[in-house]
4 protein chains.
Amino acid sequence: MSIDGTSEQRPPRIRLGMVGGGRDAFIGGVHRIASRIDDHYELVSGCFSSTAEKSRASGADLGLDPKRVYDDFLAMAKREARMKAGCEAVAIVTPNHMHFLVAREFLKRGIHVICDKPLASTLQDARKLVKAVEASGAQFILTHNYTGYPMVRHAREMVAGGDLGEVRVVQVEYAQDWLSDDLESTGQKQAGWRTDPEKSGAGGSTGDIGTHAYNIACFVSGLTLESLAADLQCFVPGRRVDDNGHVMMRFEGGARGMLWCSQVAPGNENALRLRVYGTKGGIEWAQEDPNYLWHTPLGEPKRLITRGGAGSGDAAGRMTRIPPGHPEGYLEGFANIYAEAARAIRAAQQGESAADAIYPSVYDGFKGVSFVDACVRSSARNGAWVTPTSLK
Amino acid sequence: MSIDGTSEQRPPRIRLGMVGGGRDAFIGGVHRIASRIDDHYELVSGCFSSTAEKSRASGADLGLDPKRVYDDFLAMAKREARMKAGCEAVAIVTPNHMHFLVAREFLKRGIHVICDKPLASTLQDARKLVKAVEASGAQFILTHNYTGYPMVRHAREMVAGGDLGEVRVVQVEYAQDWLSDDLESTGQKQAGWRTDPEKSGAGGSTGDIGTHAYNIACFVSGLTLESLAADLQCFVPGRRVDDNGHVMMRFEGGARGMLWCSQVAPGNENALRLRVYGTKGGIEWAQEDPNYLWHTPLGEPKRLITRGGAGSGDAAGRMTRIPPGHPEGYLEGFANIYAEAARAIRAAQQGESAADAIYPSVYDGFKGVSFVDACVRSSARNGAWVTPTSLK
Amino acid sequence: MSIDGTSEQRPPRIRLGMVGGGRDAFIGGVHRIASRIDDHYELVSGCFSSTAEKSRASGADLGLDPKRVYDDFLAMAKREARMKAGCEAVAIVTPNHMHFLVAREFLKRGIHVICDKPLASTLQDARKLVKAVEASGAQFILTHNYTGYPMVRHAREMVAGGDLGEVRVVQVEYAQDWLSDDLESTGQKQAGWRTDPEKSGAGGSTGDIGTHAYNIACFVSGLTLESLAADLQCFVPGRRVDDNGHVMMRFEGGARGMLWCSQVAPGNENALRLRVYGTKGGIEWAQEDPNYLWHTPLGEPKRLITRGGAGSGDAAGRMTRIPPGHPEGYLEGFANIYAEAARAIRAAQQGESAADAIYPSVYDGFKGVSFVDACVRSSARNGAWVTPTSLK
Amino acid sequence: MSIDGTSEQRPPRIRLGMVGGGRDAFIGGVHRIASRIDDHYELVSGCFSSTAEKSRASGADLGLDPKRVYDDFLAMAKREARMKAGCEAVAIVTPNHMHFLVAREFLKRGIHVICDKPLASTLQDARKLVKAVEASGAQFILTHNYTGYPMVRHAREMVAGGDLGEVRVVQVEYAQDWLSDDLESTGQKQAGWRTDPEKSGAGGSTGDIGTHAYNIACFVSGLTLESLAADLQCFVPGRRVDDNGHVMMRFEGGARGMLWCSQVAPGNENALRLRVYGTKGGIEWAQEDPNYLWHTPLGEPKRLITRGGAGSGDAAGRMTRIPPGHPEGYLEGFANIYAEAARAIRAAQQGESAADAIYPSVYDGFKGVSFVDACVRSSARNGAWVTPTSLK
């Protein structure tokens, strides 16, 4: 990626709307920054809260034209679709249970959707959303943002290129500690909806972070899950969803894996970590130190591959803005998903397909919801092996 | 621990015999060095190999009196027991299937036994060995050496002292890569017996290293395993035992855990790693960097506790020879087990009990064999939850 | 810092012009991204190259109105100053020797200047630039961007708050390896001007990166340099400026320090590292892992303070966008300088002073140039102690 | 190195005496453990303290024959030399100012000497000791123990083999924090003599640890110091020797270096760290994590070479007892010097020279004392460049 477009002419910015992400939200701001970093988007409209007053205040915060700030996402979808310069794409950053409802309205009007994960809070909604995308001509991009990190791309390229040989074992984990206590009872908004099964879905830590871990494990390894056995726990008294999950996985072709997700592991801030081992080598990556990828060819010394450094290939290179040693972080990784989305949207606007754009699709999203559903079902059956529900 | 006994009078060295550990062995040499580091033992006799010639050559290598080098462990037990200055203790460093047979003969003659892990290659032998110890007046010390590391002792002291609150989650893993290929077919001796179920037992990686991981997890957390669900794999074609194992664990009282052992994970040399999380904090320790213990009190910054450094307490202190920043390693950790054994043996020789000596006992050994047995049984039943066989 | 301004109304964007930073430049793109991340600026005009054609092409790349893309920075300064909605601030990202010439023209027309480091290529120019700033009502911000990292701010706050006691020793280094070979002879643009004393100044590595190291050392420690002794080397045959520098420093009040800068140290990508030791504790920070700050209170365990995590205070908090464990990087640190600049510029536009805005000033810039000058002078005198030239 | 001699016949143990190292000493115990690890020595006699009573108590602690425990080192030298089975070698572990006096008496009687560093507390004594060694037929081994670490050996082999190309820059440092306060006034024995110029010499941190850093830098890089400029400080009020030192170094052939030693840097336990950079690559090693050596071939990813692992060569291999991933530490590194000494002594006893034994000699020791002397002289002359005094 050239830095900031200075070696090729940049097309006009994509007009972006947003649903959710008002005051006190976390991920809405992340999406907005991500949309700005590479200057592919311009935020033009939004419905930032289900509370009208809050939506308007947030729109004003962001300096939007008040006419483009809506009290209601349906009204927004209708009006923006009719406008000559209405939003071309919409970012959906609501709690999980709203994703489908919101996305449907924009998709049916041909407005491209960039949607936060997980795809939906239920398998039914996830299935409906797949159909809505298929019925629409619009693009749908799910922000499993960790797949946007350059070294995750490089890891995927290595596996695909055979550097690890045949993959045998995948170890993935995503640990946090912020829910070690009963934070939801204090009124903290993030903890509130994320532990409310009505809003987040039946999976707690599995849905909130386990799905990220599962997504990145499949993204890098290229494997397809065949079955899983899960033991989910809810350690904090009174909590209504799992806050720790242990999962054993069997992949098609014989590879095996373990997944651990936890929001009650003190000392872990946002510790997503992936390790993949094959017949010819192994790799390790940790989200908190994302510019590093460790690679050991079997029988050789471990090597540190750095973003932009020696040994880092094309797949990472196109996701990289600045030289090695100048760390890129979470926001840049997120921006990479937005950059891929821009490729896909612009191609679609030309009636083409952006073959080179790599991003999590609605099908990846369905797999994620299906993974959470399978974890919950397995755990309810005392850790029996279950097959994730497939789309058909 | 004072350095090298210079602040207290050292009692006479314990006369030590050895069974196993001849030329080309690995662990025999480790035991010998461990026995020498603190000068508590003097090697006086041995039966170093089942091949007489090899045993004699090894005895000569070690500068032993040829009369004290035996072709046969039974002859050794008999003669040494009759001698006035025969060995007071014997180190057993044979392949696993011989542990019981050898130990029995020395125990019944009142000679203390320091035995390599696992306790035995079968549950039956393990049970018999427990009885042999109980029937004997002699001490029995199992060298789960990783419990000898000072920072492991400190971790245990922290958990016992309530620093972590109530333990919720235990993540333990032991990964290696040296069996990624079919090394046993090349005639490599270590690979040969360790992948031969007749010699090592039904568990491969589970028995060789998983049992260490399980032991240290229990040692530090103080938890008792209630049941487990295991998915064991044998990735290398033709191998007769597991070379990778995934285990979910449920402990009495509600804590949960995961255990991963692998000998086919490229980039891992001897990566035993333990993490314990409770309501009040979390700790992390890695065998390859054993002088460090990471501790995060919930809501506070992570702290690095170093061997001998600030924050390192009495339990670690008595296992420490040199100041912080001067790394102690595997051999010193192993020597700590030998030092504890010396305390126990000397106390026994005085008709006392060494209340302060902490070392893995025959009961810990039984639990280890029972763990491996449970893993194998669970995996054979497609990962069903099984209860480890108890002694009674 | 709230994420993306959603809890307070954002003022209109500052209109930004740019001089330098066209195709093939590195730092221009960085400035543009940094200016966008928090949405405080809008790029409206530029003179991107001394080659007219290249400037125009770059302007087109960036989607600017061709009328606002200039062939000549003087013409730009004149016209933009006259326009009703001309640029309010200009980012200067040319090679060093142009900083003064460009800045002067904008400053004299009341346009605020955000200028890349070092301030100038000669001490004379630096002095003139100070006067130009003093004669102007405009703000001047120097992008010693590493001072924008949250944990650097926290380090500074700790020292100022007495957490380290009295500072005794400062160890700072900035090592790279990209100039280990004679890259400038290959036509590589970055290597070319950075090793050309006409363009970069008399100091090579000292000016390019040593000045960053010096700046951050003073920023965090709060110390003032009294004298230095430098031994500069030029290892690559034919190179015209130093590519490695060793400097001993004496600070007012008795503290001492060492500074190492190198561009010929293989294995170092952008290894800026600072350590400060006082009577009560020590801290360590490394630019390549910028979200971590290590703090050891004397006699206590080392602690890891993370950006946004426990123990991280207000000074870091206002520079932080996202929760702990979600790494921020170089671009966010750079954006923090732009956010501080926006505070200062908006305050100035209201006739006020932004007391809370912390950023490198023209005086810091002078000190940096004076430091490089002192290094060159000392080295020419065989490492004699020299006093940096002061402004008066 | 085979583990514990089991693949070759071990010669009889060397009879070892010791001077110094009684109760409350630190380094005496280290020498004793080091002498035992590989079973090359047997401690037979000693004069453990200048206080007769303490010497006897220490001898009793160690279980020695009281007749072989002396009140006076001269009596010991005389009697042991006359005995048929007197000590063949003596370990000298007294404070620095006694090294020469003691060594002389044993050397002149043909008893080999293993002496702690630094060689002497004055340049005069160092010179005399060189002469005493040259006049004697006995071997003299100085325990600059850090050169015994396997990865230090590997680093040296790499430089010598040209893996780094021509060495340009050496950065070495040795930082501690235990003297941050005025510990010597509390009666702490170690702090007492180490800060007493009568006992330790004119250099404080320079003599105690700087000399280690200098030794290892030369050992690995193969460079010869040409001149140095030093700025030594004494930060703790009332202290009589330096507790922090900054040194710039010029080596023959054009390489340059920096050395930092400090005993007042909170957060550093025993942080000896070496970095060597050449035209073709760079290496990094840290004493606190001694099993790792980082190597970056210019333009390739950084590699982690581990003790015993892939990429670790013969020089390290002969210093290694156990497989990779089983950390060896300080005591094993120290034992390696004792193993090399045993080779040298046994060869000498056969009238041969042990060409393959690599250990610090009396000449290395002279260079170390000369280095400290030069630091003190340079600092006294305000950091002027001085040439270390050579032997002739």
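About the criteria used
Residues numbered from 1 in each chain as written. Chains lettered and ligands numbered in written order. Predicted model: local features only at pLDDT ≥ 70, side-chain atom pairs only at ≥ 80, totals over all residues. Heavy atoms only, no water. Helix = DSSP H or I, 4+ residues; strand = E, 2+ residues; numbered from the N terminus. Pairing = 2+ DSSP bridges. Axes fitted to C-alpha atoms, helices over the stretch in contact; angles between N-to-C directions. Contact = heavy atoms within 4.5 Å. Parallel < 35°, antiparallel > 145°, perpendicular 65-115°, else oblique. Left-handed = near helix turned anticlockwise from the far one by under 90°. Nonpolar A, V, L, I, M, F, W, Y, C, P; charged D, E, K, R; others polar. Buried area = accessible area lost by both parts, 1.4 Å probe. Salt bridge = Lys/Arg side-chain N within 4 Å of Asp/Glu carboxyl O. Polar contact = N/O pair within 3.5 Å; in protein donor to acceptor, adjacent residues only side chain to side chain. Least-squares fit on C-alpha atoms with pLDDT ≥ 70 in both. Phe/Tyr/Trp six-rings, centres within 6.5 Å; stacked < 30°, edge-to-face > 60°. Buried < 20%, exposed > 50% of the residue type's maximum accessible area, 1.4 Å probe, protein only. Lys NZ or Arg CZ within 6 Å of the ring centre and 35° of its normal.

Novice: Where do I start with unusual backbone geometry in this structure?
Specialist: Most peptide bonds are trans, and most residues other than glycine sit at a negative phi. In the segment running from lysine 117 of chain B into proline 118 of chain B, the intervening peptide bond is cis, with an omega of -10 degrees. Positive phi, normally seen in glycine, also occurs at asparagine 382 of chain A, with a value near 60 degrees. When you line up the elements, asparagine 382 of chain A lands in the segment after α12 (362–380).

Novice: Explanation requested: the sheet that holds strand β4 (residues 112–115) of chain D in the structure shown.
Specialist: The pairing of strands in a sheet comes from backbone hydrogen bonds and takes either a parallel or an antiparallel form. Residue and element names in this part refer to chain D. Taking strand neighbours across the sheet as the criterion, the five strands line up as β2-β1-β3-β4-β5 in an open arrangement whose pairing is parallel. The sheet is open, and its two borders are formed by β2 (41–47) and β5 (140–142), each paired with just one other strand. Neighbouring strand axes in the sheet, compared pairwise and without regard to direction, differ in orientation by 25 degrees on average. Here strand β3 (residues 89–93) pairs with β4 via four bridges, running parallel. The partner of alanine 91 across the bridge, within β4, is isoleucine 114. Lying on the sheet, helix α11 (residues 330–349) is in contact with β1 (14–20), β2, β3, β4 and β5; it crosses β4 at an angle near 165 degrees.

Novice: Even after reading the chapter, I still don't get the environment of proline 290 of chain D, so can you show me in this structure?
Specialist: Mapped onto the elements of the fold, proline 290 of chain D is located in the loop between β11 (281–286) and β12 (292–297). A C-alpha to C-alpha distance of 8.4 Å links proline 290 of chain D and arginine 307 of chain D, two positions 17 residues apart in sequence. Excluding its chain neighbours within four sequence positions, the residues that come into contact with proline 290 of chain D are Pro327 of chain B together with Tyr149, Met151, Trp285 and Glu328 of chain D.

Novice: Would you mind going over the packing of helix α1 (residues 27–37) of chain B against helix α1 (residues 27–37) of chain D with me for this structure?
Specialist: In a pair of packed helices, the angle between the axes and the distance between the axes together describe the arrangement. Close contact between α1 of chain B and α1 of chain D brings their axes to 9 Å; oriented N to C, the two are set at 150 degrees. Viewed along their axes, α1 of chain B and α1 of chain D adopt a mutual orientation that is roughly antiparallel. Here α1 of chain B runs over α1 of chain D; the crossing is right-handed. Taken together, the residues of α1 of chain D that come into contact with α1 of chain B (itself represented by Ile33, Arg36 and Ile37 of chain B) are Ile33, Arg36 and Ile37 of chain D. Its residues assigned to classes, the contact of α1 of chain B with α1 of chain D comprises four nonpolar, no polar and two charged.

Novice: Please explain the interface of chain C and chain A as it appears in this structure.
Specialist: Frequently, the measure chosen for interface size is the accessible area removed from exposure when the parts meet. In this complex, chain C contributes 44 residues to the contact, which on the side of chain A involves 44 residues. Summed over both sides, the interface of chain C with chain A buries roughly 3800 Å², with 55% coming from carbon and sulfur. For the interface between chain C and chain A, the tally reads two salt bridges. Here arginine 36 of chain C ties to aspartate 39 of chain A by a salt bridge, and the two come within 3.7 Å at their closest N and O atoms. Counting every contact that joins chain C to chain A gives 15 residue pairs in polar contact (both at pLDDT 80 or more). Of all the elements in the fold, those that place two or more residues in the side of chain C that touches chain A are α1 (27–37), α2 (52–61) and α11 (330–349) of chain C. A total of six residues in the side of chain C that touches chain A trace back to one element, the largest contributor, which is α1 of chain C.

Novice: Would you mind going over the relation of the copies chain C and chain A with me for this structure?
Specialist: One copy of the chain maps onto the second through a rotation around an axis plus a translation along that axis. Of the transformation superimposing chain C on chain A, the axial component is 0.0 Å and the angular component is 180 degrees, with the fit at an RMSD of 0.0 Å. When the rotation and shift are considered jointly, the pair of chain copies conforms to a two-fold rotation axis. Considering only C-alpha atoms, the residue of chain C closest to the rotation axis is glycine 329 of chain C, which sits at 2.5 Å. When the interface residues of chain C are mapped onto chain A, 100% of them again lie at the interface, so the same face is used by both copies.

Novice: I tried to follow the packing of helix α4 (residues 99–107) of chain A against helix α5 (residues 123–135) of chain A on my own but got confused; where do I start?
Specialist: All names here are of chain A. In the contact formed by α4 and α5, the axes pass within 10 Å of each other and the chain directions differ by 10 degrees. Classified by the angle between their axes, α4 and α5 sit roughly parallel to one another. Packed against α4, whose contacting residues are Phe100, Ala103 and Leu107, the element α5 presents Asp125, Lys128, Leu129, Ala132 and Val133 at the interface. Of the residues in the contact of α4 with α5, the class split is six nonpolar, no polar and two charged.

Novice: What exactly am I supposed to notice about the relation of the copies chain B and chain D here?
Specialist: Superposing chain B onto chain D requires a rotation of 180 degrees together with a translation of 0.0 Å along the rotation axis, leaving an RMSD of 0.0 Å. Most of the interface of chain B is mirrored in chain D: 100% of its interface residues are interface residues there too.

Novice: Help me understand the packing of aromatic side chains in this model?
Specialist: The description of two aromatic rings rests on the distance between their centres and on the angle between their planes. Overall, the coordinates contain 38 aromatic pairs over all chains when judged by the stated rule. A centroid spacing of 6.3 Å and a plane angle of 15 degrees characterise the contact between tyrosine 146 of chain A and tyrosine 149 of chain A, whose relative ring orientation is stacked. Taking the relative accessible area as the measure of exposure, tyrosine 146 of chain A reaches 3% and is therefore buried. Of the residues examined, tyrosine 149 of chain A reaches a relative accessible area of 2% and is grouped as buried. Taking the centre distance of 5.9 Å and the plane angle of 75 degrees together, the rings of tyrosine 146 of chain B and tyrosine 174 of chain B count as edge-to-face. One end of the pair, tyrosine 146 of chain B, is in the loop between β5 (140–142) and α6 (150–160); the other, tyrosine 174 of chain B, is in strand β6 (residues 167–175), and 28 residues separate them in sequence. When its relative accessible area of 2% is taken as the criterion, tyrosine 174 of chain B is described as buried. Three or more aromatic residues joined by ring pairs form one cluster here, namely Tyr41, Tyr146, Tyr149, Tyr174, Trp285, Tyr330, Phe334 and Tyr338 of chain A. Of note, arginine 250 of chain C hangs over the ring of tryptophan 385 of chain C, and the distance from its end group to the ring centre comes to 3.7 Å.

Novice: When you look at the pairing of strand β6 (residues 167–175) of chain D in this model, what are you seeing that I'm missing?
Specialist: In the case of a regular strand, side chains alternate between the two sheet surfaces. All names here are of chain D. Within β6, nine of the nine residues are buried, which leaves the element mostly enclosed by the surrounding structure. Pairing of β6 with strand β10 (residues 271–278), which is carried by eight bridges, proceeds in the antiparallel orientation. What sits directly across from tyrosine 174, in β10, is leucine 272. Of the strand pairs in this sheet, β6 and strand β9 (residues 256–262) are connected by seven bridges, and their pairing is parallel. Along β9, the bridge assignment pairs alanine 175 with serine 262.

Novice: Could you clarify how one ought to interpret the pairing of strand β8 (residues 244–251) of chain A in this entry?
Specialist: All names here are of chain A. Of all eight residues in β8, eight are buried, a share of seventy percent or more. The side-chain alternation of β8 yields two buried faces, one formed by Asn244, His246, Met248 and Arg250 and the other by Gly245, Val247, Met249 and Phe251. Examined bridge by bridge, strand β7 (residues 225–233) and β8 share eight bridges and lie antiparallel to one another. What sits directly across from leucine 232, in β8, is glycine 245. Relative to strand β9 (residues 256–262), β8 runs antiparallel, the two being bridged by seven bridges. Each bridged residue has a counterpart across the sheet, and for arginine 250 the counterpart in β9 is arginine 256.

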